Amino acid sequence: MADTWRTISRLADRLEDHSTLPREQRILLQLLKIQEEAGEVAEAVIGAMGQNPRKGYSHTWEDVEAEVCDVIVTGMVALARMNPDAAAVFARHMERLAERDLGGATECTPQ
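Figured I'd write up the structure that's included with this text. Positions within a chain are numbered from 1, following the residues in the order the chain's sequence is written. It should be noted that, the model being predicted, local features are given only for residues of pLDDT at least 70 and side-chain atom pairs only at 80 or more, the latter also being counted only at that level, while totals for whole chains, interfaces and linings use all residues. Heavy atoms from the whole structure form the basis of all side-chain values; hydrogens and water molecules are not counted.

Details of the overall build of the protein
Helices and strands together make up the secondary structure of the protein, namely four helices and zero strands. Segments assigned H or I by DSSP are reported as helices when at least four residues long, segments assigned E as strands when at least two residues long, and all are numbered from the N terminus. When the helices and strands of the protein are listed from N to C terminus, the series reads α-α-α-α. Restricting the calculation to C-alpha atoms gives the radius of gyration, and the globule rule supplies 2.2 Å times the number of residues raised to the power 0.38. What you see for the protein is a C-alpha radius of gyration of 17 Å, clearly larger than the 13 Å of a compact globule of 111 residues, by over 25%. Projected onto the principal axes, the alpha-carbon positions of the protein cover approximately 45 × 45 × 25 Å. When accessible area is computed with a 1.4 Å probe and restricted to protein chains, residues below 20% of their type maximum are described as buried, those above 50% as exposed, and intermediate ones as partly exposed. Burial analysis of the protein (111 residues in total) assigns 23% to the buried set. As displayed, the protein has an accessible area near 7800 Å², and 56% of this comes from carbon and sulfur atoms. Between the mean site of the 12 positive side-chain charges and the mean site of the 19 negative ones, the protein shows a separation of 6 Å. Only the protein chains shown count as cover for residues, and the accessible areas themselves come from Shrake-Rupley with a 1.4 Å probe. His residues and chain termini do not enter the charge count, which takes Lys and Arg as positive and Asp and Glu as negative. Where a charge lies is defined by one atom per residue type, namely NZ (Lys), CZ (Arg), CG (Asp) and CD (Glu).

Written out as structure tokens, the structure is:
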């Protein structure tokens, strides 16, 4: 997971370097990006099921998987842009989820 968080940090840094907006606006826009990506999941599901009469079967389930991955990455980038210790924040959250929903701790620790 350490390599993943390094990549996420690099992506977040790249976005930070690219924007001249105030920090609050940068974070808000990144959070809106999560919704945009979730909409792409919906579009891919509709396409994979052939439910758009204009487009028919326009996507595959592999496309859906890729779009879900984009949502996850976008959320991780948002967390990294909000908090420089995003990996630890995420690990603590996973531990709380495991305790609450699975009755025990996870093996997830910050890298």
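Back to the text.
Quick word on the packing of aromatic side chains
Note on ring pairs: Phe, Tyr and Trp rings are taken, using the six-membered ring of Trp, and paired if centres are within 6.5 Å. Classes follow the plane angle, with under 30 degrees stacked, over 60 edge-to-face and the rest tilted. One pass over the structure, following the stated rule, counts one aromatic pair. Pairing W5 with F90 gives two aromatic rings, centres 5.9 Å apart and planes at 55°, and the pair type is tilted. A residue pair is termed long-range when its members are at least 10 positions apart, and W5 in helix α1 (residues 2-18) and F90 in helix α4 (residues 86-102) qualify at 85 residues. A relative accessible area of 26% means that F90 is categorised as partly exposed.

Looking at the environment of G56
Locating G56 in the fold gives a position in the loop between α2 (23-48) and α3 (61-82). Along the primary structure G56 and T74 are separated by 18 residues, whereas in three dimensions their C-alpha atoms are 28 Å apart. Contacts between residues were defined by any pair of non-hydrogen atoms, one from each residue, lying within 4.5 Å. Dropping the residues within four chain positions of it, G56 is found in contact with G47, G50 and Q51.

What about the side chain of Q30?
As for its position among the elements, Q30 is in helix α2. Setting aside its immediate chain neighbours within four residues, Q30 contacts L15, T74, V77, A78 and R81.

Describing α3
Across its 22 residues, α3 extends 32 Å between first and last C-alpha, which sits within 8% of the 32 Å expected from 1.5 Å per residue. Taken together, the buried positions of α3 are occupied by V64, E67, T74, M76, V77, A78, A80 and R81. Residues of α3 that are buried sit in contact with α1, α2 and α4. Contacts described as polar in this section are N or O atom pairs within 3.5 Å, which, within protein, must combine one atom able to donate a hydrogen with one able to accept it, while residues neighboring in sequence count only if both atoms come from side chains. For α3, the capping residue at the N-terminal end is T60, with a side-chain oxygen 3.3 Å from the backbone nitrogen of E62. By this rule the span expected of a helix is its residue count minus one, scaled by 1.5 Å.

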